[in-house]
Amino acid sequence: MMAETLLDFMAQSAEATSVEALCRLFEQYAETLGVEAIGYQILPSPFEASDADNQFEYNTFPDLMKDAYLGERLFEHDPVTSRAAMALHPQFWFEVEQTTPITRYSQRIFDLLRESGFVDGLTTPIFGPAGLAAYVACGRFSAPFDLSAMDCRCLQHACNELYACTLTLQKRKALAPPNLSEREVEVLHWLARGKSNAVIADILGISPHTVDTVMRRAFGKLGASNRVAAVLKSLRAGLITL
């Protein structure tokens, strides 16, 4: 069922079973406002270790823009997101370009947007209990946006609903601990105590290569990319204790 109005999106978003499905619902609603590409980015929390590395939850931008924005760490110098964070409401990209001092980084961003085929776009900031929490960037290739003030307010409400439902889905997923093997839990137990692979191998009577294999398998199940993240997620899930 298409999310053709804000009320449709809000009703259907509450029933979404995954972040991807939720984002597709948002995309359907945004298309009714003329949006042709979406970039949804949740910022790492300032209060806990994160291995998210500023990845996007959902991104339909051209690969040229996606790869350069993350690969060149342009998100650290984006004048649009900076302006949106201060203004507390959506900012149109090329209006920011006209009213902000240009640096080599910001010029690179605006050049990439044009090279990617964008003729217009706006970025909406989303705020949580700890302050700025996420952004949703919406772009157009075919023609500039023709949004009324009410359209902009509805889009901002939809962005806030997208973020709120994302948090609900993430919490729901976190409550279901991954199915780790006994060996994987043992390795994580010793990782949490700061032991190296070689020491863990001696303790468990296995080879360092086996420890590395077990550790990487556990990382995959936990959705972690490093030791610190794996230990933190294991502790939160109650899989290990200190």
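It should be emphasised that the depicted structure is a prediction, and the values quoted were computed from it without experimental measurement.

A. Structural view of the nonpolar core. The biggest cluster of nonpolar side chains holds 34 residues, and the ones touching the most others in it are Phe9, Phe26, Tyr40, Val136 and Leu162. Those elements that place two or more of their residues in this core are helix H1 (6–13), helix H2 (19–31), strand E1 (37–42), strand E4 (120–128), strand E5 (131–140) and helix H7 (149–174). No other element matches the 9 residues that H7 contributes to this core. By size, the runner-up hydrophobic cluster in this structure holds 19 residues, among which are Leu188, Leu204, Val214 and Leu222.

B. Structural detail: the packing of aromatic side chains. Within this structure, the stated rule accounts for 11 aromatic pairs. Residues Phe94 and Phe110 carry aromatic rings whose centres are separated by 6.2 Å and whose planes lie at 45 degrees to one another, so their mutual orientation is tilted. Taken as a pair, Phe94 in helix H5 (residues 93–99) and Phe110 in helix H6 (residues 104–115) lie far apart in primary sequence, 16 residues in all. Here Phe94 matches Phe110 in class, with each residue buried. Chaining the aromatic ring pairs together yields one cluster made of Phe61, Trp93, Phe94, Phe110, Phe118 and Phe141. Taking the ring centre of Phe145 as reference, the NZ or CZ of Arg140 above it sits at 5.8 Å.

C. Spatial organisation of the pattern of salt bridges. Inspection of the entire model under this criterion finds 10 salt bridges. Close ionic contact of Glu20 with Arg24 constitutes a salt bridge, the shortest N to O distance being 3.1 Å. Here the residue Glu20 and the residue Arg24 both occupy positions in helix H2, the gap between them amounting to 4 residues, near one helical turn. Arg140 is the salt-bridge partner of Glu36, the closest N and O atoms lying 3.6 Å from each other.

Conventions adopted
- Residues numbered from 1 in each chain as written.
- Predicted model: local features only at pLDDT ≥ 70, side-chain atom pairs only at ≥ 80, totals over all residues.
- Heavy atoms only, no water.
- Core = buried A, V, L, I, M, F, W, Y, C linked by side-chain atoms within 4.5 Å.
- Buried < 20%, exposed > 50% of the residue type's maximum accessible area, 1.4 Å probe, protein only.
- Helix = DSSP H or I, 4+ residues; strand = E, 2+ residues; numbered from the N terminus.
- Phe/Tyr/Trp six-rings, centres within 6.5 Å; stacked < 30°, edge-to-face > 60°.
- Lys NZ or Arg CZ within 6 Å of the ring centre and 35° of its normal.
- Salt bridge = Lys/Arg side-chain N within 4 Å of Asp/Glu carboxyl O.

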